[in-house]
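Tertiary structure, described
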Amino acid sequence: MALSEVNNDRGELRILENLDELRTDLADYIAELSEAAVKERGVFAIALSGGSLIDLMGKLCEAPYNKTVDWAKWYIFWADERVVAKNHSDSNYNLAKDGLLSKVPIVPSHIHSINDSVSAEEAADEYMFVIRQLVKTRMVSVSDISDCPKFDLILLGMGPDGHIASLFPNHSALNETDEWVRAKQRRCIWQLIISDLTAHHCLLG
Ligand SMILES: O=C(O)[C@H](O)[C@@H](O)[C@H](O)[C@H](O)COP(=O)(O)O
């Protein structure tokens, strides 16, 4: 049970007593959003980041979630990725593969990881193209006010200095919103995290 809960028009803040409660609360939250998105649009488009997030999502691999979540309808994306090979220990894809994707029946072709065999700039452009195609076919929803993607959920961890998904406080990248995906600091990141185009952001800190 949440130690405290604050709801206002800027969102909701939940403070959980311990990591176990956070894991359960997070699994419930994701499962509910997944069910709602699948009911409404037939698919669930979720973006992951790195750090401790995948470990915190661990309960999804256990009962009841591993059986009740409609994994076949999940489409997986990354909000940021390091420019390393997919099997590298720094790869956010690798982290998610070991901790989640290999443990639940997600359709392999629904896993949209960032290309590790080209430069960060090329990978960012390619990723933006892939997302555009998925917006066209409505596997990823679209913003009500532009042709920008609107993911069902973006999950982000927050580093000790307040950074999320390679976006560091006061960094100039925060003012660049012309492209959805960018190469920065040897990482590919989504600028669209900055804007408010996502149905749900969940920030874990
Ligand atoms: O690739 C990365 O470095 C992550 O995507 C990064 O943005 C992470 O989410 C934060 O650093 C929080 O990390 P923790 O959850 O481990 O605090």
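This text gives an overview of the structure that appears in the document. None of the values given here were measured: they were computed from a predicted structure.

**Description of empty space enclosed by the protein**
All chains considered together, the criterion is met by one cavity of 30 Å³ or more. Taken as a whole, the largest cavity encloses approximately 110 Å³ of empty space. Taken together, 16 residues form the lining of the largest cavity, with E81, R82, I114, N115 and D116 sitting closest to its centre. Elements with a contribution of two residues or more to the lining of the largest cavity: β5 (80–82) and α5 (120–136). When the residues that make up the lining of the largest cavity are grouped by side-chain class, the tally is eight nonpolar, four polar and four charged.

**Here we look at the pattern of salt bridges**
Scanning all chains against the criterion turns up nine salt bridges. Linking R23 and D55 is a salt bridge whose minimum nitrogen-to-oxygen distance equals 2.6 Å. In this pair, R23 is assigned in helix α1 (residues 19–41) and D55 in helix α2 (residues 53–56), connecting sequence segments 32 residues apart. Residues participating in the shared-partner salt-bridge network are E12, R14 and D25.

**Notes on the site of the ligand**
Taken together, 14 residues surround the ligand, and among them G50, S52, D80, R82 and H163 come closest. Within the backbone of G50, one N or O atom sits 2.8 Å away from an oxygen atom of the ligand. One of the side-chain N or O atoms of D80 is found 2.7 Å from an oxygen atom in the ligand. For the ligand, whose unbound accessible area comes to 420 Å², protein coverage reaches 82%. More than half of the atoms belonging to the ligand lie within 2 Å of the grid points that define the second largest pocket. Of the residues in the shell around the ligand, the class split is two nonpolar, nine polar and three charged.

Parameters at a glance
- Per chain, the residues get numbers from 1 upward, laid out in the order the sequence is written.
- Residues qualify for local features only when their pLDDT is at least 70, as the model is predicted, and side-chain atom pairs are given and counted only at 80 or more; totals for whole chains, interfaces and linings, by contrast, use all residues.
- To get the side-chain values, take all heavy atoms of the structure and skip hydrogens and water.
- Residues are called lining when one of their atoms sits within 4 Å of a cavity or pocket point, these points coming from a 1 Å grid over the protein atoms alone, where a cavity is a set in which a 1.4 Å probe fits but cannot get out and a pocket is an open set with protein on both sides within 12 Å along at least five of seven lines.
- Grid points are joined across faces, edges and corners, and a volume is the space filled by probe spheres set on the points.
- Helix and strand definitions follow DSSP, with helices as H or I runs of at least four residues and strands as E runs of at least two, each counted in order from the N terminus.
- Any residue that is not Ala, Val, Leu, Ile, Met, Phe, Trp, Tyr, Cys, Pro, Asp, Glu, Lys or Arg is counted as polar, Gly included; the first ten are nonpolar and the last four charged.
- A pairing counts as a salt bridge when a side-chain nitrogen of Lys or Arg comes within 4 Å of a carboxyl oxygen of Asp or Glu.
- What makes a residue near a molecule or strand is one non-hydrogen atom of that residue sitting within 4 Å of it.
- The definition of a polar contact used here is a pair of N or O atoms within 3.5 Å, where within protein one atom must be able to donate a hydrogen and the other to accept one, and adjacent residues in sequence count solely through side-chain atom pairs.
- Values of accessible area rely on a 1.4 Å probe in the Shrake-Rupley scheme; residue burial ignores everything except the protein chains shown.
- To be counted as sitting in a cavity or pocket, a molecule needs more than half of its atoms within 2 Å of that site's grid points.

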